[in-house]
Amino acid sequence: MLTRSLVLAIFCTLSVVIVRAQDLSIGGEWKFMTGDQPGWEDAAFNDSAWKTIRVGAPWERQGYAGYDGFAWYRRHIVIPSSIRNKVFLKETLRFDLGKIEDGDEVYLNGFLIGRNAGLPGDIKAGFKRMERSYLLPLSDPHIRWDNDNVLAVRVWNGRRNGGMYEGRYGVSAMDVTDFITLRPSGAAFRLAGGKPFTRKVVLISSSEKYLFRGRLNIRLTDPFSGVVVFRQTINANFDHNRPFEYTYITPLPESKSYRIDYSFEDNKSGQQLTMAEDMPYILTPIDRAAPRINGPEVYGVRPGAPIQYKIPVTGQRPLTFQAAGLPPTLHLDRQQGILTGSLAEKGSYTLQLTIKNGAGTVTRDLTIVCGEKISLTPALGWNSWNCWGLTVSDEKVRASADAMAAKLADHGWSYVNIDDGWEDKRDAQGEIVPNGKFPNMKKLSDYVHALGLKIGIYSSPGPTTCGGYMGSYQHEDQDAATYARWGIDYLKYDWCSYSEVAPKSPTLEDAKFPFIVMKQSLDKVHRDIVYSLSQYGAAEIWKWGGSVGANSWRTTGDISDNWGSLSGIGFRQDNSAPFVTPGEFNDPDMLVVGKVGWGPLLHNSRLSPDEQFTHISLWCLLSAPLLIGCDMSQLDDFTLGLLNNDEVLAVDQDRLVRPASKVLNRDSLQVWVKELSDGSKAVGLFNLKTVPLKTTVSFSEMTLPSSAKLRDLWRQQDLGRYRDSFPVRIAAHGVLLLKVSAVK
Ligand code: GLA
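The structure presented is a predicted model; accordingly, all values stated were derived computationally and were not measured. (Residues numbered from 1 in each chain as written. Predicted model: local features only at pLDDT ≥ 70, side-chain atom pairs only at ≥ 80, totals over all residues. Heavy atoms only, no water.)

## What about the overall build of the protein chain?
Then comes step 1: A tally of regular secondary structure across the protein chain gives 12 helices and 49 strands.
Then comes step 2: By principal-axis analysis of the C-alpha atoms, the protein chain measures approximately 85 × 70 × 45 Å.
Then comes step 3: Looking at the protein chain residue by residue over its 744 residues, the buried ones come to 57%.
Then comes step 4: Restricting the contact set of the protein chain to residue pairs at least 6 apart, pairs at least 24 apart contribute 72%.
Then comes step 5: When the accessible area of the protein chain is evaluated, it comes to approximately 29200 Å², of which 50% is carbon and sulfur surface. (Helix = DSSP H or I, 4+ residues; strand = E, 2+ residues; numbered from the N terminus. Buried < 20%, exposed > 50% of the residue type's maximum accessible area, 1.4 Å probe, protein only. Contact = heavy atoms within 4.5 Å. Areas by Shrake-Rupley, 256 points an atom, 1.4 Å probe, with all protein chains shown as cover.)

See the structure below:
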């Protein structure tokens, strides 16, 4: 029996162009029955009394609201032998069955052809969000060519949406190129390092029989000029046991993205596989040896609340920290740079920090503002959702905290936030108990704090969370007290099932109510807990989120790692921007850079390198919380370069907190301008087109002074003085992020 998952689509995460014929569509209506009985997989079973259901939409939306448990889908199909006859490589028949929530077993004519798309684990393990593709040898005797066949799918759903939905539905014979995985890899290109660019290409065959003989073509093109800067063709032979690997090295003229086209031409079949990627490149310079103080210039605390703040500093170790003007109730660890203690009285306390190492000394003020507001600048941290989804665990959170401490904290990153999936039930006293993946929340929190970081948690005002776990409904005081006892510093509070208990057509007061309740509970505990609301931007929350005591609120639905989602969210944030003030932020959702996947399987972000520069630049211009959504244990140099640019992060952390406004929208060029506290402006010029843009922008159309000094923030390079206008070259979906200072 052959039950392999098709890995091809998972690995080719770049802009892959593979067109596959869908020979027989099996979308549309299937027979359906809830429950689970032996014999339902049998081809001879009479399903005429079963109802019909559409695949492509969860069963909850088709008359089975709230149903969790087993259910079966059945479909009669005639598989024409023409499918087999027309392919060159007569090896494998493939069944695409969309995505299934949560687990599945698939039978063809009573014969099990696969379970959970080849992943280990029983049907209840739940591999939702993953494409289901099952393969059978064309010679398999269970296939009844040109006759009636029965596909029967046994589905298990544990909570929320269930059934066969999203994705492709079809039966096809795989041909030569369907068996090839073409995988480029290698370090991102950094011009500052002066090294030639090296990249490896691997060709892997999943065919057990075929010997691939052909040619691999590689072509690098400068997207601005169209000039091919590198081209190579090599013979490439490979088979199932012997992948083909080739490493190419080429010096590149500039630090910008190049398009790389790959194609493999197979001699015997004449078929061709093509794929393209935009080369990842690093703009952020390497940290200097001399110390540099990062992070915000202001830090909010509440009277009496315990303080733990690690001063973020880059530079060679060891460092020594000193602070003049330190109030007697605060303590500074002179080696680690961690401030602890508390302040009893409201007021502003300005410390003059001096930090030294073998390469130099740096000084800067840090103002601690003791009052009712915390999180005076947007939170910088990580959240488990965009990578691990509901598969988050203690172990994964610790690994993220370790990576943050080692690689990001010096640039100001500090929150390690657990999203949905940690909860279990309430005990006899009504206290929330974490599930088996989190053996001891207090110990986990101690672990994160010992690294100088902070820890966040997630809940819902409703009876259950969006993932179907226990929410805080009618246990708000108790939960806030539990979080404080565990040492929690951040709460994401997600509307989810609150709709079930809210009035049918909620008024504005109804929309605010559950968030006020939790705020009152949080106020009863003597701990600074950043309060982050998630209700997807309903009821124009940006107009009232601050008034219910929130530090941030989602302005949109969930983000995903594609340009449509990113640009649809990011470039529409101008309406809500005017409502942002220190401690009250719009949250356009978490970052989709690095390895994401909503768990358990991860892939590289499907955004191109330039789209990722756009993502970070725009979020910083918007004064948005930056919550990294990727697997932190697999941070590559490109992603680190995106996250650790201190001049870019300083735009986000600017103490004035004046989100950018869109000042120009001309022919797919958008310009967003943000006022900074030093009187200068951060300016993002975004090219929304799929081709590079060369143009000249006038300072007046960007609302800038007629004579100005420009600095490229990603490259951290001065560009000089300009009068009246500035010539720009911006990559497809890319950005130029400038700091503009008036020249007197
Ligand atoms: C909602 C939120 C997500 C995430 C999930 C968890 O969809 O918008 O960010 O928290 O719930 O179930």
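The discussion continues.
## Observations regarding the nonpolar core
Then comes step 1: Counting 135 residues, the largest nonpolar core has Ile218, Tyr248, Trp413, Trp422 and Leu643 as the members making the most contacts within it.
Then comes step 2: It is helix α10 (residues 609-621) that contributes the most residues to this core, six residues altogether.
Then comes step 3: Leave out the neighbours within four places in its chain, and tryptophan 413 touches Leu380, Gly381, Met404, Leu408, Leu453, Leu591, Leu626, Ile628, Leu643, Asn644 and Leu649.
Then comes step 4: Tyr73, Leu93, Ile100 and Val171 belong to the second-largest nonpolar core, a separate cluster that totals 36 residues. (Core = buried A, V, L, I, M, F, W, Y, C linked by side-chain atoms within 4.5 Å.)

## A word on the site of the ligand
Then comes step 1: Near the ligand there are 13 residues, and of these Asp419, Asp420, Lys492, Asp494 and Asp558 occur at the shortest range.
Then comes step 2: At a separation of 2.8 Å, an oxygen atom of the ligand approaches a polar side-chain atom of lysine 492.
Then comes step 3: In isolation the ligand has 310 Å² of accessible area, and contact with the protein removes 93% of it. (Near = heavy atom within 4 Å. Polar contact = N/O pair within 3.5 Å; in protein donor to acceptor, adjacent residues only side chain to side chain.)

## Quick notes on the domain arrangement of the protein chain
Then comes step 1: Parsing the protein chain into structural domains produces domain 1 (5-174), domain 2 (179-278), domain 3 (292-370), domain 4 (380-653) and domain 5 (661-742).
Then comes step 2: Here the C-alpha centre of domain 4 lies 35 Å away from the C-alpha centre of domain 1. (Domains from an automatic or database assignment.)

## So, the pairing of strand β27 (residues 338-341)
Then comes step 1: In this structure, strand β23 (residues 307-310) lies alongside β27, joined through four bridges in antiparallel fashion. Note on β27: the bridge partner recorded for isoleucine 307 is glycine 341.
Then comes step 2: Here strand β26 (residues 330-332) runs beside β27; their pairing, made up of three bridges, is antiparallel. For leucine 330, the partnering residue across the bridge sits in β27 and is glycine 341.
Then comes step 3: Hairpin geometry of β26 and β27 is characterised by an intervening segment of five residues between the two adjacent antiparallel strands and by a positive phi of about 75° at glycine 337. (Pairing = 2+ DSSP bridges.)

## Some details on the packing of helix α6 (residues 476-486) against helix α8 (residues 508-523)
Then comes step 1: Running from N to C, α6 and α8 point in directions that differ by 45°, and their axes come no closer than 8 Å. What the angle tells us is that α6 and α8 run oblique. Crossing handedness for the pair α6 and α8: right-handed. For the pair α6 and α8, the contacting residues are Glu476, Asp477, Asp479, Ala480 and Tyr483 in the first and Val517, Met518, Ser521 and Leu522 in the second.
Then comes step 2: Broken down by class, the residue content of the contact of α6 with α8 amounts to five nonpolar, one polar and three charged. (Axes fitted to C-alpha atoms, helices over the stretch in contact; angles between N-to-C directions. Parallel < 35°, antiparallel > 145°, perpendicular 65-115°, else oblique. Left-handed = near helix turned anticlockwise from the far one by under 90°. Nonpolar A, V, L, I, M, F, W, Y, C, P; charged D, E, K, R; others polar.)

## Some thoughts on the sheet that holds strand β30 (residues 380-383)
Then comes step 1: Pairing is parallel in the open sheet, where eight strands are placed in the order β38-β37-β36-β35-β34-β31-β30-β41. The sheet is open, and its two borders are formed by β38 (585-587) and β41 (626-628), each paired with just one other strand. Taking the axes of each pair of neighbouring strands and ignoring which way they run, one obtains an average angle of 25° across the sheet.
Then comes step 2: In this structure, strand β36 (residues 530-534) lies alongside strand β37 (residues 552-554), joined through two bridges in parallel fashion. Residue pairing in the sheet places serine 532 in a bridge with serine 552 of β37.
Then comes step 3: On the sheet, α6 packs against β34 (454-459) and β35 (490-494) and is oriented at approximately 160° with respect to β34.

## So, the packing of aromatic side chains
Then comes step 1: Applying the stated criterion across every chain, the model contains 31 aromatic pairs.
Then comes step 2: On the basis of an interplanar angle of 55° and a centroid distance of 5.2 Å, the ring pair of tyrosine 281 and phenylalanine 613 is categorised as tilted. With a gap of 332 residues between them, tyrosine 281 in strand β20 (residues 281-282) and phenylalanine 613 in helix α10 connect regions that are remote in the sequence.
Then comes step 3: With a relative accessible area of 5%, tyrosine 281 lands in the buried category.
Then comes step 4: An angle of 45° between the planes, with centres 6.1 Å apart, marks the rings of tryptophan 495 and phenylalanine 515 as tilted. Placement of tryptophan 495 in the loop between β35 and α7 (498-501) and of phenylalanine 515 in helix α8 is noted, with a sequence separation of 20 residues between them. Per residue, the accessibility class of tryptophan 495 equals that of phenylalanine 515, and both read buried.
Then comes step 5: Sitting over the ring of tryptophan 145, arginine 84 keeps its end group 4.5 Å from the ring centre. (Phe/Tyr/Trp six-rings, centres within 6.5 Å; stacked < 30°, edge-to-face > 60°. Lys NZ or Arg CZ within 6 Å of the ring centre and 35° of its normal.)

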